[in-house]
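Summary of the model geometry
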Amino acid sequence: MGVLPVPAEVRAILLDIEGTTTPIAFVQDTLFPYIKDNIKEYLRAHWEEEECQRDVGLLRKQALEDSSLDGVVPIPLESGSGEEELERVIQAVVDNVRWQMSLDRKTTALKQLQGHMWRAAYATGHVKGEVFEDVVPAIRKWREAGMKVYIYSSGSVEAQKLLFGYSTEGDILELFDGHFDTKIGPKVESESYRRIAESIGCATNNILFLTDVPREANAAEEADTHVAVVIRPGNAGLTDDEKSYYSLISSFTELFLPSST
């Protein structure tokens, strides 16, 4: 795809994770199945813990908000009437989470529980975060050139830090100046990018956002943020219009920084 010059006004690079720094297959074939396969066992083991109860409370609240949606699984309150009832409640949480995941929901409640489950998986070595081989060397070069680097993903900040803290390249958290998730707003809404710029302390046109999703790129552009769409193995295909409209890269090494001459 050649070289893509980074506009001189850019001071920060904002990175998506899935399909950008990390193969989609890692998320789809490793992280998500881990949740589906281990959630019941995890809930049984941690049910009495405050963190787990907070997670379940958030999921219960989300289920109420989702009550008009087809297939939603409500999560009943516990009345303390024994083991059988506890199993019913746990099963409802399991079914709710699997339902949300089947629809590829990005709710904060779901992401929070997933983050806590992945924390246990990473810490015990069951999972290691995958990154494309061009990612670490490229980010080191950007940082040497004075560029700030941030992550913006629909996965929770905690899940992001686990992926990069327990990665196949070791602990690479030092490469990032900050992390954003959907608490700052959905990635398909332009206002989110304005909030990120405000949080970083720069104008939106001082940011270059790299993502594999055209809808996200469009939202960022609407906020006057520079964008490039990343083409990686396993990513969804782009339409001809998208290919001709967006700046495209297939590796982070294709970005050319003015200060790196």
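Criteria and thresholds
Residues numbered from 1 in each chain as written. Predicted model: local features only at pLDDT ≥ 70, side-chain atom pairs only at ≥ 80, totals over all residues. Heavy atoms only, no water. Axes fitted to C-alpha atoms, helices over the stretch in contact; angles between N-to-C directions. Helix = DSSP H or I, 4+ residues; strand = E, 2+ residues; numbered from the N terminus. Parallel < 35°, antiparallel > 145°, perpendicular 65-115°, else oblique. Left-handed = near helix turned anticlockwise from the far one by under 90°. Contact = heavy atoms within 4.5 Å. Nonpolar A, V, L, I, M, F, W, Y, C, P; charged D, E, K, R; others polar. Pairing = 2+ DSSP bridges. UniProt positions renumbered as here; feature names shortened; annotations may be inferred. 1 Å grid on protein atoms, 1.4 Å probe; cavity = no way out; pocket = protein on both sides within 12 Å on 5 of 7 lines; lining within 4 Å. Buried < 20%, exposed > 50% of the residue type's maximum accessible area, 1.4 Å probe, protein only. Expected span 1.5 Å × (residues − 1). Right-handed = clockwise from strand over helix to strand, strands pointing away. Phe/Tyr/Trp six-rings, centres within 6.5 Å; stacked < 30°, edge-to-face > 60°. Lys NZ or Arg CZ within 6 Å of the ring centre and 35° of its normal.

All right, on to the packing of helix 1 (residues 24-46) against helix 3 (residues 83-102) then. Two elements in contact, helix 1 and helix 3, have axes whose closest approach is 10 Å; the angle formed by their N-to-C orientations is 165°. Accordingly, the angle class assigned to the pair helix 1 and helix 3 is roughly antiparallel. Seen along the crossing, helix 1 lies across helix 3 with a hand that is right-handed. From helix 1, F32, I35, K36, I39, K40, L43 and R44 reach across to helix 3, where they touch E87, I90, Q91, V93, V94, V97, R98 and M101. The residue makeup of the contact of helix 1 with helix 3, split by class, is nine nonpolar, one polar and five charged.

The next point concerns the sheet that holds strand 2 (residues 12-15). Spatial ordering of the open sheet is given by 4-3-2-5-6-7, a layout of six strands whose pairing is parallel. The sheet terminates laterally at strand 4 (178-180) and strand 7 (248-249), the two strands that pair on one side only. In this structure, strand 3 (residues 148-152) lies alongside strand 4, joined through three bridges in parallel fashion. Following the sheet pairing, Y150 is matched in strand 4 by G178.

To continue, consider the UniProt feature "binding site: Mg(2+)" (unreviewed entry) in the protein. In the UniProt entry, the feature "binding site: Mg(2+)" (unreviewed entry) is given for D16, E18 and D212. These residues run over 197 residues, yet every pair of their C-alpha atoms falls within 8.0 Å of each other. Of the annotated positions mentioned, D16, E18 and D212 line the largest pocket. Among the structural elements, E18 can be located in the loop between strand 2 and helix 1. Not counting residues up to four positions away in its chain, the partners in contact with E18 are I24, V27, Q28, K106 and D212. Among the residues examined, D212 registers a relative accessible area of 11% and is labelled buried. When sequence neighbours within four positions are dropped, the list of residues in contact with D212 reads D16, E18, G19, T20, I24, V229, V230 and N235.

What follows covers helix 4 (residues 108-123). Its 16 residues give helix 4 an end-to-end C-alpha distance of 22 Å, which sits within 8% of 22 Å, the value for a rise of 1.5 Å per residue. Looking at helix 4, one finds that the buried residues are A109, L110, K111, L113, Q114, G115, H116, M117, W118, A121 and Y122. In this structure, the buried residues of helix 4 make contact with helix 1, helix 2 (50-65), helix 3 and helix 6 (157-165). Looking one or two residues beyond helix 4, the residue adopting positive phi is G125, at roughly 80°.

Okay, the pairing of strand 5 (residues 207-211) next. Across the five residues that make up strand 5, a large majority, five, are buried. Residue alternation in strand 5 divides its side chains into two sets, I207, F209 and T211 and L208 and L210, and both sets are buried. Inspection of the sheet shows strand 5 paired to strand 6 (residues 226-230) by four bridges, in the parallel sense. Bridge assignment links L208 to a residue of strand 6, and that residue is H226. Taken together, strand 5, helix 8 (residues 214-222) and strand 6 constitute a β-α-β crossover, and its handedness is right-handed.

This brings us to the packing of aromatic side chains. Centre distance and the angle of the planes are the two values used to describe a pair of aromatic rings. Overall, the coordinates contain nine aromatic pairs when judged by the stated rule. Judged by centre distance (6.3 Å) and plane angle (45°), the rings of Y152 and F209 are tilted. With Y152 in strand 3 and F209 in strand 5, the pair connects residues that are 57 residues apart, well separated along the chain. What makes Y152 buried here is its relative accessible area of 0%. What makes F209 buried here is its relative accessible area of 0%. Members of the aromatic cluster, joined through ring pairs, are Y152, Y193 and F209. Over the aromatic face of Y152 sits the side chain of K187, whose NZ or CZ is 5.7 Å from the ring centroid.

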